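The residues making up each chain are set out below.
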Amino acid sequence: MPHINAAAALQISVLLFALPAQYFISQWYRTDSAERIQITERLIIASWSISTRSYLSPDAWADRLKLWVSKTRIINLLIITKTQLLKNLFICYLFYFRNWYYGENRTRNGGNEAKPHSYFSESTHVHSPKPEYIKFRVGQVIIHRRFGYSGVIVGWDVKANTPEEQLQPRYSPVKQDLKDTPHYRILINKANGSGKSTAYVPEEEITVIMGLEVYHPDMETYFSGYDGSKYIMQPWLKKLYPHD
């Protein structure tokens with residue numbers, strides 16, 4: 001097949017255009033001047049009418065504007081819907097993964113047996129049944145009677161679950177009996193400005209307070225919300241403390 005360059009293509013186009021041009025010229029010169037003027041006027045009027053309806057008519061521009069706005073709204077709505085859907089899916093995935101990592105998997109692996117060295121209310125055995133003498137519940141906000149800091153309860157033991165070498169210096173000889181009283185693990189409120197993050201305290205040293213929210217980086221790990229009186233446990237924590 002021969003190669004056709006730009007010059008050859010231009011020549012072919014001119015030849016193809018020559019036939020209708022020749023026909024138009026022959027028709028033009030067969031008429032007298034008056035007819036040629038009338039034909040020209042009709043062509044000008046027809047062209048102006050078409051241009052007016054297509055480009056200069058307010059109604060035509062209004063229709064084009066409405067069509068453009070409608071398409072833009074649909075596109076924007078699709079983009080917003082898709083973005084929101086992806087955002088919701090991502091949030092659901094994060095919540096699922098967090099609950100699984102921090103609770104479901106840990107509880108499933110631990111079963112109902114406490115780990116050999118799980119101290120300070122961190123064992124994964126289910127605390128059931130709950131003794132009647134346990135006064136406080138997981139999720140309640142407390143204030144320390146002596147030191148004044150606030151926090152939230154994230155676990156409890158029927159008695160101090162601490163290595164013996166730490167218990168001896170912790171309590172004076174006259175308070176050694178506190179080792180056999182309920183103990184609570186506390187997330188300390190960062191709003192207190194305390195350098196400590198957690199505490200493990202006996203029951204007699206804390207009291208419950210209502211309407212106070214706690215700020216701590218691990219709050220969402222243990223709780224899903226606050227109802228004004230206590231924090232709502234995550235599902236994995238509720239399995240460990242079913243009666244709180």
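The shown structure was predicted, so the numbers you read here are calculated from the model rather than taken from an experiment. (Residues numbered from 1 in each chain as written. Predicted model: local features only at pLDDT ≥ 70, side-chain atom pairs only at ≥ 80, totals over all residues. Heavy atoms only, no water.)

**Student:** Explain the overall build of the protein here, please?
**Tutor:** A count of helical and extended segments in the protein gives six helices and seven strands. Reading the secondary structure of the protein in the N-to-C direction produces α-α-α-β-β-α-β-β-β-α-β-β-α. Among the 244 residues that make up the protein, the fraction classed as buried is 28%. Intrachain contacts of the protein at a sequence separation of at least 6 include 58% that bridge at least 24 residues. Total accessible area on the protein is roughly 17,100 Å²; 62% of this is exposed by carbon and sulfur atoms. (Helix = DSSP H or I, 4+ residues; strand = E, 2+ residues; numbered from the N terminus. Buried < 20%, exposed > 50% of the residue type's maximum accessible area, 1.4 Å probe, protein only. Contact = heavy atoms within 4.5 Å. Areas by Shrake-Rupley, 256 points an atom, 1.4 Å probe, with all protein chains shown as cover.)

**Student:** Explain the nonpolar core here, please?
**Tutor:** Most often, soluble globular proteins have nonpolar side chains that are buried together. Formed by 27 residues in total, the largest nonpolar core has its most connected members in V138, V152, I153, Y184, F223 and L237. When residues of this core are traced back to their parent elements, those giving at least two are β1 (141–144), β2 (150–157), β3 (183–188), β4 (198–202), α5 (219–222), β7 (231–233) and α6 (235–240). If sequence neighbours within four positions are ignored, L237 has contacts with V138, V154, Y222 and F223. (Core = buried A, V, L, I, M, F, W, Y, C linked by side-chain atoms within 4.5 Å.)

**Student:** When you look at the environment of G155 in this model, what are you seeing that I'm missing?
**Tutor:** Within the secondary structure, G155 is located in strand β2. Put simply, G155 and Y241 are 86 residues apart on the chain and 8.0 Å apart in space, counted from C-alpha to C-alpha.

**Student:** What's the story with the packing of aromatic side chains in this structure? I'm lost.
**Tutor:** Under the counting rule described, the total for this entry stands at six aromatic pairs. Residues F136 and Y184 carry aromatic rings whose centres are separated by 5.5 Å and whose planes lie at 50° to one another, so their mutual orientation is tilted. Of this pair, F136 sits in the loop between α3 (58–110) and β1 while Y184 sits in strand β3, and the two are 48 residues apart along the sequence. For F136, a relative accessible area of 8% gives the class buried. The buried category is assigned to Y184, whose relative accessible area is 0%. Clustering of aromatic rings is evident, with ring pairs tying together Y222, F223, Y226, Y231 and W236. (Phe/Tyr/Trp six-rings, centres within 6.5 Å; stacked < 30°, edge-to-face > 60°.)

**Student:** Help me understand the pattern of salt bridges, please; the structure alone is not making it clear to me.
**Tutor:** Side chains that differ in sign of charge can pair as their charged atoms come close. Per the counting criterion, the structure on display carries three salt bridges. The salt bridge partner of D244 is K130, with a shortest N-O separation of 2.8 Å. In this pair, D244 sits in the segment after α6 while K130 sits in the loop between α3 and β1, placing the two residues 114 residues apart along the sequence. For the pair formed by D244 and K130, the shared burial category is buried. With a shortest N-O distance of 3.8 Å, K230 and D227 are connected by a salt bridge. Given the relative accessible area of 42%, D227 is considered partly exposed. (Salt bridge = Lys/Arg side-chain N within 4 Å of Asp/Glu carboxyl O.)

**Student:** Help me out: how do you make sense of the environment of I134 in this one?
**Tutor:** Note that I134 resides in the loop between α3 and β1. On the accessibility criterion, I134 (5% relative accessible area) is buried. Put simply, I134 and W156 are 22 residues apart on the chain and 8.5 Å apart in space, counted from C-alpha to C-alpha. The contacts of I134, once residues within four sequence positions are left out, are W156, D157, V158, P182, Y184 and E203.

**Student:** Looking at this model, I keep getting lost on the pairing of β1. Mind explaining?
**Tutor:** Taken residue by residue, a regular strand's side chains alternate between the two faces of the sheet. Pairing analysis gives three bridges linking β1 to β2, with the strands arranged antiparallel. In the strand pairing of β2, I142 is matched with G151. The antiparallel hairpin formed by β1 and β2 contains five residues in its connecting segment, where G148 sits at a positive phi of about 80°. Two elements, β1 and strand β5 (residues 206–208), share three bridges in a ladder whose sense is antiparallel. Each residue of the ladder has a partner; that of I142, found in β5, is V208. (Pairing = 2+ DSSP bridges.)

These figures come from the coordinates and say nothing about function on their own.
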